[in-house]
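Observations on the model geometry
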Amino acid sequence: MTAPDSLPTDADALRALLLAERARHGEERERWMAIIAELQRHRFGRRSERLDPEQLALALEDVEQMLAAADAAAEKDDTPPVKPAAARKRQINRGALPLHLPREEIVIDVADKTCACCGGLKHCIGEDVAERLDVIPAQFKVIVTHRPKYACAACAGEVVQAPAPERLMENGIPTEALVAHVLVAKYADHAPLYRQAQIYARQGITLDRSTLADWVGRAAFTLRPVHARLLQRLKQSTKLFADETTAPVLDPGRGRVKKGQLWAYARDERPWAGHAPPGVAYVYAPDRKHARPAEHLAGFGGTLQVDGYGAYAELAQRGDVVLAFCWSHVRRQFYDIQVKTPAPIATEALVRIAPLYAIEAAIRGLSADERRQSRQRRSKPLVDALRLWLEAQLAAVSGKSTIAAAIRYALSRWDGLARFLDDGRIDIDSNVVERSIRPIALGRKNHLFAGSDGGGEHWAVIASLIETCKMNSIDPQTYLRDVLAKIVARHPMDRIDELLPFAYVPAADKAAA
């Protein structure tokens, strides 16, 4: 007789349990959202200069996964969840699936279309359509080429046969598309060849790492004229960016890794509405000698935007190159001081530099002359005032202090720093080429080192074409497959400009139209 009296108690306990569980999910969700907000401040705020953006992205992905799991757990509750004040909008990409993807139509129809009232046949008045993105794992296929032979039944020795098509590798098994896939996986997606071999093995394709290395080497050799022409075209510009980064190279003779260098030379006229397409060319060198930029940029005349490395100063001494320096490097000097030990002078310097970047954001995309006029009116008074203030601060601080070193770094390069005020083609910093260096740094973390100086040269050749494709919104695998096929088919070298990534920009625009 006591059972009925216990039912309300059990229901209340269940309701209380569900409410407590929902509250726990809400607290967990708020905690993960707070962590995401903090990571985003690191990623996009001023602290981002101290942290690797790729590592931040990985951390952000993991935290967002935990938030999604908390949301999924909350959605399983039978009671309607309480919507938090600062709800996170779920990223579902609805309606964003590209139209060029093949569609597989599935119709889920009712079993019985007869009307329950009159027995007649119901007619369709509409439908709900939902699209989901599916994937077919990488599929291999074998292309079998038959070349029949023909002979005359009456005449002896008269045999005809179509000539064999040219191949990137004589008697080799890969098509140009497969070689392009290996190149992109290694130099764009940063998957070393031994990992690619493991991926292929899971699909029953046994390819030794040394075989893949042979493909990459032959492809890089084939693409060297295109890389050389790319660098030559960039040097025909009147404004370039330059930067360099280490490229560790195995040195078997000494039993260790030596420091090679990848020098990057980039062009990007989009900030001032220029007409030349963007591009970047890397050049490998076994050292960081000051003579390297002069060797690489032989024939170039114009403005070179760089950091404070002395090799570029020597390049400018020959007279046909003018240096523009990078405000981002100046800002970083003060920022590093501020992070370690809060300093009023460093803080004030950062506050004075910030409006210059706000002005640049507002005039991005305007013509060079419009940018120059705006800078003369708005930025020049700020820059002049900043110089006077830095000179006054330098006289007031110890000459051996880090803040004095930061001030001297700026003042010793002031002419190059102020050059952007008089030329709308010059950017305020060299972030364009620094962004081009980041993929090299990420590849370095995955590859660890190149196997030889030749491997460093291959790295420069293929990375140049891939990164230029990315700057022009071109699929690098499609480009490499096509250009390798054209070279194998003996494309005329006097029309080598047709093989540059630039040639694919109009084609891409035409396809989009």
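The rules behind the values
Sequence order as written defines the numbering, with residues in each chain counted from 1. With pLDDT at 70 or above as the cut-off, local features in this predicted model cover only qualifying residues; side-chain atom pairs require 80 or more to be listed or tallied, and sums for whole chains, interfaces and linings still use all residues. Where side-chain values are given, they derive from all heavy atoms of the structure, hydrogens and water being excluded. What counts as a helix is a DSSP run of H or I of at least four residues, what counts as a strand is a run of E of at least two, and both are numbered from the N terminus. Here's how the labels work: a residue is buried when its accessible area is under 20% of the maximum for its type, exposed when over 50%, partly exposed in between, all with a 1.4 Å probe on protein chains only. Here, two residues are considered to be in contact whenever any of their heavy atoms come within 4.5 Å of each other. Reported accessibility uses the Shrake-Rupley method at a 1.4 Å probe radius. Residues are deemed covered only where the shown protein chains occlude them. One bridge is not enough; two strands pair if DSSP finds at least two bridges between them. Whether a crossover is right-handed depends on one test, that the path from the first strand over the helix to the second runs clockwise when the strands point away from the viewer. Taken from the helix axis, the directions to the C-beta atoms give the arc we talk about. The angle between two axes is taken between their N-to-C directions and runs from 0 to 180 degrees, where each axis is a line fitted to C-alpha atoms and a helix contributes only its stretch in contact. What sets the label is the angle itself: under 35 degrees gives roughly parallel, over 145 gives roughly antiparallel, 65 to 115 gives roughly perpendicular, and the rest give oblique. Handedness of a crossing is defined here by the sense of rotation of the near helix relative to the far one, left-handed for an anticlockwise turn of less than a right angle and right-handed for a clockwise turn. Residues are grouped as follows: nonpolar covers Ala, Val, Leu, Ile, Met, Phe, Trp, Tyr, Cys and Pro; charged covers Asp, Glu, Lys and Arg; every other residue, Gly included, is treated as polar. A score between 0 and 100, pLDDT records how confident the predictor is in each residue. Pairs of cysteine sulfur atoms within 2.5 Å are identified as disulfides in what follows. Any two of the Phe, Tyr and Trp rings considered here, Trp counted by its six-membered ring, make a pair once their centres fall within 6.5 Å; the pair's planes then place it as stacked at under 30 degrees, edge-to-face at over 60, or tilted in between. We count a charge as sitting over a ring when the NZ of a lysine or the CZ of an arginine lies within 6 Å of the ring centre and within 35 degrees of the ring normal. Basic side-chain nitrogens of Lys or Arg form a salt bridge, by our definition, when they fall within 4 Å of a carboxyl oxygen of Asp or Glu.

1. Describing the overall build of the protein chain
The helix and strand tally for the protein chain stands at 16 helices and 7 strands. Across the 513 residues that make up the protein chain, the buried fraction comes to 38%. Pairs at least 24 residues apart make up 65% of the contacts formed inside the protein chain by residues separated by at least 6 positions. Summed over its atoms, the accessible surface of the protein chain is roughly 30600 Å², and 55% of this surface lies on carbon and sulfur atoms.

2. What about the pairing of strand E6 (residues 302–306)?
Of all 5 residues that make up E6, 5 are buried, and the element is covered over most of its length. In the sheet, E6 pairs with strand E7 (residues 321–325) via 5 bridges, with the strands oriented parallel. Of the residues in E7, the one forming a bridge with Thr303 is Val322. Taking the sense of rotation as the criterion, the β-α-β connection linking E6, helix H7 (residues 310–316) and E7 turns out right-handed.

3. Re the side chain of Gln305
Residue position: Gln305 is located in strand E6. If we ignore the near neighbours within four places in the chain, the residues touching Gln305 are Lys239, Leu240, Phe241, Ala242, Ala324, Phe325, Ile426, Asp427, Ile428, Asp429 and Ser430.

4. Considering unusual backbone geometry
In this model, His190 sits at a positive phi of 60 degrees, which is unusual for a non-glycine residue. For His190, the position within the fold is in the loop between helix H3 (176–187) and helix H4 (193–201). Look at Ser473: it is not a glycine, yet its phi comes out positive at around 60 degrees. Considering the arrangement of structural elements, one finds Ser473 in the loop between helix H14 (453–471) and helix H15 (476–488).

5. Some words on the side chain of Thr303
You can see Thr303 is positioned in strand E6. Of the residues examined, Thr303 reaches a relative accessible area of 9% and is grouped as buried.

6. Concerning H4
Among the residues of H4, Leu193, Gln196, Ala197 and Tyr200 are the ones counted as buried. Projected down its long axis, H4 shows its buried positions confined to an angular sector of 105 degrees, all on one face. Close packing links the buried residues of H4 with H3 and helix H5 (209–235).

7. Quick look at the packing of H3 against H4
Two numbers describe how H3 lies on H4: the axes approach to 10 Å, and their chain directions differ by 125 degrees. The orientation of H3 with respect to H4, classified from their angle, is oblique. Between H3 and H4 the crossing geometry is right-handed. Along the contact surface, H3 presents Leu178, His181, Val182, Ala185 and Lys186, while H4 presents Leu193, Gln196 and Tyr200. In terms of residue class, the contact of H3 with H4 is built from 5 nonpolar, 2 polar and 1 charged.

8. Quick look at the confidence of the model for the protein chain
Caution is warranted with low-pLDDT regions, since their predicted coordinates should not be read in detail. Counting all residues, the mean pLDDT for the protein chain is 82, and 76% of those residues have values of 70 or more. Across residues 1–7, where pLDDT falls below 50, the model places 0 contacts with residues more than four positions away in sequence or in other chains. Between residues 43–51, whose pLDDT stays under 50, and residues either more than four places distant or in other chains, the model counts 19 contacts.

9. Here we look at the environment of Gln232
Secondary-structure assignment places Gln232 in helix H5. When the C-alpha atoms of Gln232 and Ala281 are compared, they prove to be 9.3 Å apart, with 49 residues separating the residues in sequence.

10. Details of the state of the cysteines
Going through the model one piece at a time under the given rule, you end up with 0 disulfides. Free cysteine: Cys117, not disulfide-bonded; nearest cysteine sulfur from Cys115 at 4.4 Å. By relative accessible area, which is 79% here, Cys117 ends up exposed.

11. Quick word on the packing of aromatic side chains
Applying the stated rule across the entire model yields 6 aromatic pairs. Aromatic pair Trp263 and Tyr312: ring centres 6.3 Å apart, planes at 80 degrees, arrangement edge-to-face. With Trp263 in strand E4 (residues 256–267) and Tyr312 in helix H7, this pair connects stretches of sequence that are 49 residues apart. Like Tyr312, Trp263 is buried. Ring pairs connect the aromatic residues Trp263, Tyr309 and Tyr312, which therefore count as one cluster. It is Lys186 that lies over the ring of Tyr187; its NZ or CZ is 5.2 Å from the centre. Sitting over the ring of Phe241, Lys239 keeps its end group 3.5 Å from the ring centre.

12. Side note on the pattern of salt bridges
With the rule as written, the count across this model stands at 22 salt bridges. One salt bridge in this structure joins Asp214 and Arg218, with 3.1 Å as the shortest N-O distance. With a gap of 4 residues between them, Asp214 and Arg218 both fall in helix H5, about one helical turn apart. Assessed through its relative accessible area of 43%, Arg218 is described here as partly exposed. A salt bridge links Lys470 to Glu467, with the nearest nitrogen and oxygen atoms 3.0 Å apart. Taken together, the residues Lys470 and Glu467, both in helix H14 and 3 residues apart, mark about one turn of the helix. Residue classification places Glu467 among the buried residues on the basis of a relative accessible area of 7%. Linked through salt bridges whose partners overlap, the residues forming this network are Arg229, Arg233 and Asp497.

13. Looking at the packing of helix H8 (residues 327–340) against helix H9 (residues 344–363)
How two helices sit against one another is set out by the angle between their axes and by the gap between those axes. Across the interface, H8 lies against H9 with an axial gap of 9 Å and an inter-helix angle of 150 degrees. With respect to each other, H8 and H9 are oriented roughly antiparallel. Crossing of H8 over H9 shows left-handed handedness. Side by side, H8 and H9 meet where Trp327, Ser328, Val330, Arg331, Phe334, Tyr335, Ile337 and Gln338 of the first sit next to Ala346, Thr347, Ala349, Leu350, Ile353, Leu356 and Tyr357 of the second. Each residue belonging to the contact of H8 with H9 can be placed in one class, and the counts come to 11 nonpolar, 3 polar and 1 charged.

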